[in-house]
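Letter by letter, the chains look like this.
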Amino acid sequence: MQLSGNYQTADAIQGSLVDLHRGDAAILDGIDLPGEEARRLMELGFLPGTRITAGRSAPGGDPQVFQVDGSEIALRRETARRLKVRREKVAKPVHTPRA
Amino acid sequence: MSGCSDCQTCEAATVPFPGPRTGPKTVAVIGPPNSGKTTLFNRLTGLRQKVANFPGVTVEQHTGIATLPDGRQVQLIDLPGVYSLSPRSEDEQVAFDVLTGRREDTARPEAVLLVLDATNLSRNLMLAAPILALGMPTLVILNMADDLASRGGRVDLKKLSAELGAPVALIAARQGTGVEQVFDFLAGAMPKPEPKQLPVLQDVPKCRAWAGQVGEQAAYLPPIPPKWTRRLDAVFLHPVWGPLIFVAVVVGIFQTIFGIAAPSKDAIGWLVQGSGKWIATVLPDSLFRSLLLGGVWSGVGSVIAFLPQVLLLFLFIGILEDSGYLARAALIADRTMAKVGLQGKSFIPLLSAYACAVPAILSTRTIENKRDRIATILVAPFMTCSARLPVYILIVAAFIPKKQLLGPFLSEGAAAILGLYLLGFAMAVLTARVLKSSILKSGRTPFLLEMPSYRWPTFQSIGLRLLDRSKVFLHRAGTIILVVTVILWVMVNVPYTNGHRPKIEDSLAGVAGRTIEPIIKPLGFNWKIGIGLITAVAARETIIATLGTIYGMDPQSDKHGLEAALHHDLTPGGAVALLIFFAFAMQCISTIAVVRRETGGWKWPAAQFAYMTAVAYTGAFAAAHIIH
């Protein structure tokens, strides 16, 4: 916990996809899911190092749509929570190449 | 982009392949979901396709014949949409098995048409790696050329072809532009691919990096995001408007399907009766005429009356699916479904089960998770299908007084029927909960749903689907239902002595009814209801026709009509018991058959039939003993 606290003062904020609000972008660090499921996500574009932008969601915020690698994929919170991201400190809407 | 001039590999081998062939070449069509694979398949094959069912696997395949300009024919196999070829899910397993020739029921394809979405080429190219690695002649088809161009994207086809070592075609399958390049490939020599390099297939990041490099080499410029999709999502996924539109769409579909139920049934009923009367005047009075009219015409005819409703349902599903709204609807419904333990994709099948469980169970194919899919299949028959409605109306009209409950808005009879609908829904939810927290637990598989861009549905695609469904529906009416009807007719007429049919209680059907009477007596049913229950296993509404025949043969009950006869034979408790029995029991041979086919064996339909019958019996028993 101490470490992540220190991280916030650096140039990146660590968290998971659920921490992103609509329009926020972040870089995927890793997927905390069993191999097969992580692979499935990776095939859809959720690869470490990829920029992910949070999009609209169902009423109540779950599931949420994420723009990743040129497409829009909806994930439930329980899955989004397992996708660890680091965010640039200035959170502003970032244009992905295509969505 | 014109013809084959762009692909170097074609130029290298322009000599036509003269090899003698027996039968048409087989070519597989594969691509990621939403790449327009099926649109192209329909474009290439037109109406000459058939639905083939891979036995033991719950995936339905389409095969079709494409006729080349020179008159030769090519057999095309439409494989399921997949993101990769590593065989893990059922869809991928089928694709992998077909491509590698491991399916005994399908000839190994000689070539592959790889369909990719040109508007998201970099990611789509990931699938090219495992396909090219198969070493089979491959045409890489970049679909949605129109979207790519209108949104300012571009790609160098020559360079892409050089990188992949395979011919590349840029087409727009929906408009049909560029499709002649596909025919050129199919008619040509079909050389084996020679890609410059391929990544390690098991390594997803390396595959993605390779795809990115290939895109870069081909000077791929991705198009800007689709403006209209963003605008429409601002409405359809709006926190307030989104759910309201969703409810309006659901209610609208529900209302329309029931709105046309009576007129369409009347119209087809008029046709069936008219043609029946004509047969009665043409054929002499004989056993054959009795079979034709009393059996085939009334039995199969009553089922065909449901065709317009089924087609209307598939029209709505087709529009929702092709336009891209279905994915949004599934997103909005996901939370509610999650509470029951199912996922958003289960919502459409459960909704359509209000019309009929058979198309509902067929539409569970969109659910990737096998356990979720089976759970949805198992609870779908609890939803009140349209076959239950005539039974409800008959019994309610016979027993519930015509009193208003809420002024002119709701009568006691309507409230009772509404209550039965809610009862079915409650049992479906309860069963789903139990299944998902016990034998079909599957919290671990992530819910992934790609949101496709909105598109206009095309008449061709939806028309083909409706045609397909009509064929399936009429086939069923002409097989299962026809057979059951004929068997029933025979059972009522056996033993046939001295040119007369037996008294109904002495006929085979009557004996069957009296045999099960001890079992159904605790529910307040007599042997006549028993025959109705037996025939209702084929299809629920058959009980009406059966009781009509049985009471019709007794001069005393015949005078007063079916309602009065029922009133005489059943206590109020027995009537409620009968309603509850119909609400819960799995009396539909088509549903049993479709569950067997979709789950690939008798295990699930047997368990489902036993469970639903047990629930129905218990419910009816309780009702018969509580209400006097």
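Parameters at a glance
- Starting afresh in each chain, residues are numbered from 1 along the sequence in its written order.
- Each chain takes a letter, starting from A, and each ligand takes a number, starting from 1, following the order in which they are written.
- Where local features are concerned, this predicted model is filtered to residues with pLDDT of at least 70; where side-chain atom pairs are given and counted, the filter is 80 or more; whole-chain, interface and lining totals use all residues.
- By convention in this description, side-chain values take in all heavy atoms of the structure and omit both hydrogens and water.
- Helical segments are the DSSP runs of H or I of at least four residues, strand segments are the runs of E of at least two, and each set is numbered from the N terminus.
- We call a residue buried when its accessible area falls under 20% of the maximum for its residue type, exposed when it is over 50%, and partly exposed in between, using a 1.4 Å probe and counting protein chains only.
- Any pair of residues with heavy atoms lying within 4.5 Å of one another is described as a contacting pair.
- Each accessible area value is a Shrake-Rupley result obtained with a 1.4 Å probe; residue values ignore everything except the protein chains displayed when judging cover.
- The term buried area means the drop in 1.4 Å probe accessible area that two parts suffer when joined, counted for both and summed.
- We define a salt bridge as a side-chain nitrogen of Lys or Arg found within 4 Å of a carboxyl oxygen belonging to Asp or Glu.
- Nitrogen and oxygen atoms within 3.5 Å of one another constitute a polar contact, given that in protein one can donate a hydrogen and the other can accept it, and given that sequence-neighbouring residues count only through two side-chain atoms.
- The nonpolar class holds Ala, Val, Leu, Ile, Met, Phe, Trp, Tyr, Cys and Pro. Asp, Glu, Lys and Arg form the charged class, and all remaining residues, Gly among them, are polar.
- Between rings of Phe, Tyr and Trp, where Trp is taken as its six-membered ring, a pair exists when centres lie within 6.5 Å; planes separated by under 30 degrees are stacked, by over 60 edge-to-face, and by other angles tilted.
- The set of buried Ala, Val, Leu, Ile, Met, Phe, Trp, Tyr and Cys residues whose side-chain atoms join them within 4.5 Å is what this entry labels a nonpolar core.
- At least two DSSP bridges between two strands are needed for those strands to be called paired.
- Multiplying one less than the number of residues by 1.5 Å gives the expected span of a helix.
- The score called pLDDT rates the predictor's confidence residue by residue, from a low of 0 to a high of 100.

**Q** Looking at this model, I keep getting lost on the overall build of chain A. Mind explaining?
**A** Secondary structure summary: chain A contains three helices and six strands in total. Along chain A, from the amino end to the carboxyl end, the secondary structure elements read α-β-β-α-β-β-β-α-β. Sorting the 99 residues of chain A into buried and exposed places 57% on the buried side. In chain A, the proportion of contacts linking residues at least 24 apart, taken out of those at least 6 apart, comes to 63%. With the model as given, the accessible surface of chain A reaches about 4700 Å², and the carbon-plus-sulfur share is 50%.

**Q** How should the overall build of chain B be read in this particular structure?
**A** Along chain B, the regular secondary structure elements total 28 helices and eight strands. Partitioning the intrachain contacts of chain B with sequence separation of at least 6 by distance along the chain shows that 72% fall at a separation of at least 24. In the form shown here, chain B has an accessible surface area of approximately 27700 Å², with 65% of it arising from carbon and sulfur atoms.

**Q** Is there a simple way to think about the environment of leucine 307 of chain B in this case?
**A** Residue and element names in this part refer to chain B. Relative to the helices and strands, leucine 307 resides in helix H14 (residues 307–323). When its relative accessible area of 15% is taken as the criterion, leucine 307 is described as buried. Expressed as a C-alpha distance, the spacing of leucine 307 and leucine 474, which sit 167 residues apart in the sequence, is 8.2 Å. Setting aside chain neighbours within four positions, we find leucine 307 in contact with Ser470, Phe473 and Leu474.

**Q** What is the right way to read the interface of chain B and chain A from this model?
**A** Interface size is commonly expressed as the accessible area that is lost once the parts come together. At the interface, 45 residues of chain B touch 34 residues of chain A. Across the chain B to chain A interface the summed buried area is about 3400 Å²; carbon plus sulfur atoms make up 54%. Applying the counting rule to chain B against chain A returns three salt bridges. Between glutamate 72 of chain A and arginine 230 of chain B there is a salt bridge, with its nearest N and O atoms 3.3 Å apart. Inspection of the chain B/chain A interface yields 11 residue pairs in polar contact (both at pLDDT 80 or more). At the level of elements, helix H9 (204–217), helix H10 (227–236), helix H15 (325–340) and strand E8 (448–450) of chain B are the ones that each hand at least two residues to the side of chain B that touches chain A. In terms of residue class, the side of chain B that touches chain A is built from 23 nonpolar, 11 polar and 11 charged.

**Q** Help me understand the environment of threonine 50 of chain A in this model?
**A** Residue and element names in this part refer to chain A. Among the secondary structure elements, threonine 50 is positioned in the loop between helix H2 (35–43) and strand E3 (51–57). Counting along the chain gives 24 residues from threonine 50 to alanine 26, while the straight-line C-alpha distance between them is 8.3 Å. Threonine 50 has contacts with Ala26, Ile27, Leu28, Gly45, Val68 and Asp69, leaving out every residue within four places of it along the chain. At a separation of 2.6 Å, a polar atom in the side chain of threonine 50 contacts the main-chain carbonyl oxygen of leucine 47.

**Q** Is there a simple way to explain the packing of aromatic side chains in this structure?
**A** Centre-to-centre distance and the angle between the planes together describe a pair of aromatic rings. Residue and element names in this part refer to chain B. For the structure on display, the rule yields five aromatic pairs over all chains. Plain terms: the ring middles of phenylalanine 382 and phenylalanine 584 are 6.1 Å apart, the flat faces sit at 80 degrees to each other, and that makes the pair edge-to-face. With phenylalanine 382 in the loop between helix H18 (370–379) and helix H19 (388–399) and phenylalanine 584 in helix H26 (residues 572–584), the pair connects residues that are 202 residues apart, well separated along the chain. Considered together, phenylalanine 382 and phenylalanine 584 belong to a single accessibility category, that of buried residues.

**Q** Teacher, can you tell me more about the pattern of salt bridges here?
**A** Oppositely charged side chains are able to pair whenever their charged atoms sit close together. On inspection of all chains with the given rule, the structure shows 22 salt bridges over all chains. Taking the shortest distance from any N to any O, the salt bridge between lysine 196 of chain B and glutamate 163 of chain B comes out at 3.3 Å. One end of the pair, lysine 196 of chain B, is in the loop between helix H8 (179–187) and H9; the other, glutamate 163 of chain B, is in helix H7 (residues 157–164), with 33 residues separating them in the sequence. In this structure, aspartate 372 of chain B engages lysine 436 of chain B in a salt bridge whose closest nitrogen and oxygen atoms are separated by 2.5 Å. Linking aspartate 372 of chain B in helix H18 with lysine 436 of chain B in helix H20 (residues 412–436), this pair joins segments that are 64 residues apart in sequence. Side by side, aspartate 372 of chain B and lysine 436 of chain B carry an identical accessibility label, which is buried. A single salt-bridge network, built from bridges that share partners, covers Arg39, Arg40 and Glu43 of chain A.

**Q** Looking at this structure, how should I read the nonpolar core?
**A** Across soluble globular proteins, nonpolar side chains show a tendency to be buried alongside one another. Residues Phe246, Phe525, Leu533, Leu570, Leu578, Phe582 and Phe584 of chain B are the most contacted members of the largest nonpolar core, which totals 91 residues. By residue number, the principal contributor to this core is H15 of chain B, which donates 10 residues.

**Q** I tried to follow the side chain of threonine 119 of chain B on my own but got confused; where do I start?
**A** Mapped onto the elements, threonine 119 of chain B comes out in the loop between strand E5 (111–117) and helix H4 (121–124). At 2.6 Å, the side chain of threonine 119 of chain B forms a polar contact with the side chain of aspartate 117 of chain B.

**Q** So what exactly am I meant to see when it comes to the pairing of strand E5 (residues 71–75) of chain A here?
**A** Within a regular strand, the side chains alternate between the two sheet faces. Most of E5 of chain A is tucked away: five of the five residues are buried. Sheet topology places strand E4 (residues 64–68) of chain A next to E5 of chain A; five bridges connect them, and they run antiparallel. Bridging from a neighbouring strand, valine 68 of chain A pairs with serine 71 of chain A of E5 of chain A. Bridge count between E5 of chain A and E8 of chain B: three bridges; the pairing is antiparallel. Bridge pairing in E8 of chain B links alanine 74 of chain A to leucine 449 of chain B.

**Q** Explain H26 of chain B here, please?
**A** Residue pairs three or four apart in sequence face the same way in an α-helix, which turns once every 3.6 residues. Residues and elements named next belong to chain B. Compared with the 18 Å implied by 1.5 Å per residue over 13 residues, the 19 Å span of H26 between its first and last C-alpha is a close match. Among the 13 residues in H26, 11 count as buried, and that is most of the element. The complete set of buried residues in H26 reads Gly573, Gly574, Ala575, Ala577, Leu578, Leu579, Ile580, Phe581, Phe582, Ala583 and Phe584.

**Q** Any chance you could explain the confidence of the model for chain A here in plain terms?
**A** For any part of a model where pLDDT is low, the fine detail of the predicted coordinates should not be relied upon. Residues and elements named next belong to chain A. For chain A, per-residue confidence averages 81 on the pLDDT scale, and 76% of positions sit at 70 or higher. No element of chain A has a lower mean pLDDT than helix H1 (residues 2–9), at 41, and none a higher one than E4, at 95. Low pLDDT (under 50) marks residues 1–10, which in the prediction has six contacts with non-local residues, meaning those over four places away or in another chain.

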